[in-house]
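# Structure at a glance
Read off the chains here:
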Amino acid sequence: MTIPMSSDEPEPEPEVQRRVDARTLWSGGAATAVVAALIALVGILVCRWLFTIPILAPRREGAWGNASTVGYVFAAAAVALFATAIMHLLLLSTPRPRMFFNWIIGLGTVIAVVFPFSTTAPVSQKAATALVNLVLGIAIGSLIGGVSTRALRRRVVRRRYTEPTNPPSRTPGDGYN
């Protein structure tokens, strides 16, 4: 009688498959866009009303400013949606997506904070705009990073050896059980 011998080979490592729940990611991205737009609006209003620093519009335009205020609010929402697209791409293609996303958002935030200082505006306006941009960058990065945690599904696939139903030396109906 032949007995199949057990293999001394180690079990194969389980394979981890990632699946992105796009609905969760993009609904979180849309909510982040709304939050970013409101942060931009509140930041501008606080600077103009509370600190009387006329950022993004001349002082004569009042607290609500002009079209550049609306443009800044929509730009903040667009940046949040763009960050969601970057995260989606990274989740699908890179081994450590959140690490790369944090670097991308961090460097983008540094650019957004430093850029106002290259303009000819007064220092108070430069600093106020830089502060609003910093808060926007932190909010967008943390919110999209948190949403991506919920949007990523991991599944462990274990591949095991299955014994054949009949030993190779036997055939069905040969009289041996």
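Just so we're clear, the structure is a prediction, and the values are computed from it rather than from any experiment.

Quick notes on the rules
- Residues numbered from 1 in each chain as written.
- Predicted model: local features only at pLDDT ≥ 70, side-chain atom pairs only at ≥ 80, totals over all residues.
- Heavy atoms only, no water.
- Helix = DSSP H or I, 4+ residues; strand = E, 2+ residues; numbered from the N terminus.
- Buried < 20%, exposed > 50% of the residue type's maximum accessible area, 1.4 Å probe, protein only.
- Contact = heavy atoms within 4.5 Å.
- Areas by Shrake-Rupley, 256 points an atom, 1.4 Å probe, with all protein chains shown as cover.
- pLDDT = per-residue confidence, 0-100.
- Core = buried A, V, L, I, M, F, W, Y, C linked by side-chain atoms within 4.5 Å.

Attention now moves to the overall build of the protein chain. A count of helices and strands for the protein chain gives four helices and two strands. Along the chain direction, N to C, the helices and strands of the protein chain fall in the order β-α-α-α-α-β. Scored against the burial criterion, the 177 residues of the protein chain give a buried share of 33%. A separation of at least 24 residues holds for 70% of the contacts in the protein chain among residues at least 6 apart in sequence. Here the protein chain displays about 12,100 Å² of accessible surface, and carbon together with sulfur accounts for 66% of that area.

Turning our eyes to something else, we now look at the environment of alanine 33. With respect to the helices, strands and loops of the structure, alanine 33 is situated in helix α1 (residues 22-50). Residue alanine 33 is classed as buried on the basis of its relative accessible area of 6%. As for alanine 33 and threonine 84, which are separated by 51 residues in sequence, their C-alpha atoms are 9.3 Å apart. Excluding residues within four positions of it along the chain, alanine 33 makes contact with Ala77, Ala80 and Leu81.

Once that is clear, we can look at the confidence of the model for the protein chain. Confidence in the prediction of the protein chain, expressed as mean pLDDT, is 85, and 72% of residues score 70 or more. For the protein chain, per-element mean pLDDT is lowest for strand β2 (residues 152-157), which scores 75, and highest for helix α3 (residues 97-114), which scores 97.

What follows covers the nonpolar core. Counting 30 residues, the largest nonpolar core has Leu25, Ile55, Phe101 and Leu136 as the members making the most contacts within it. Listing elements by their share of this core, those giving two or more residues are α1, α2 (67-93), α3 and α4 (123-151).

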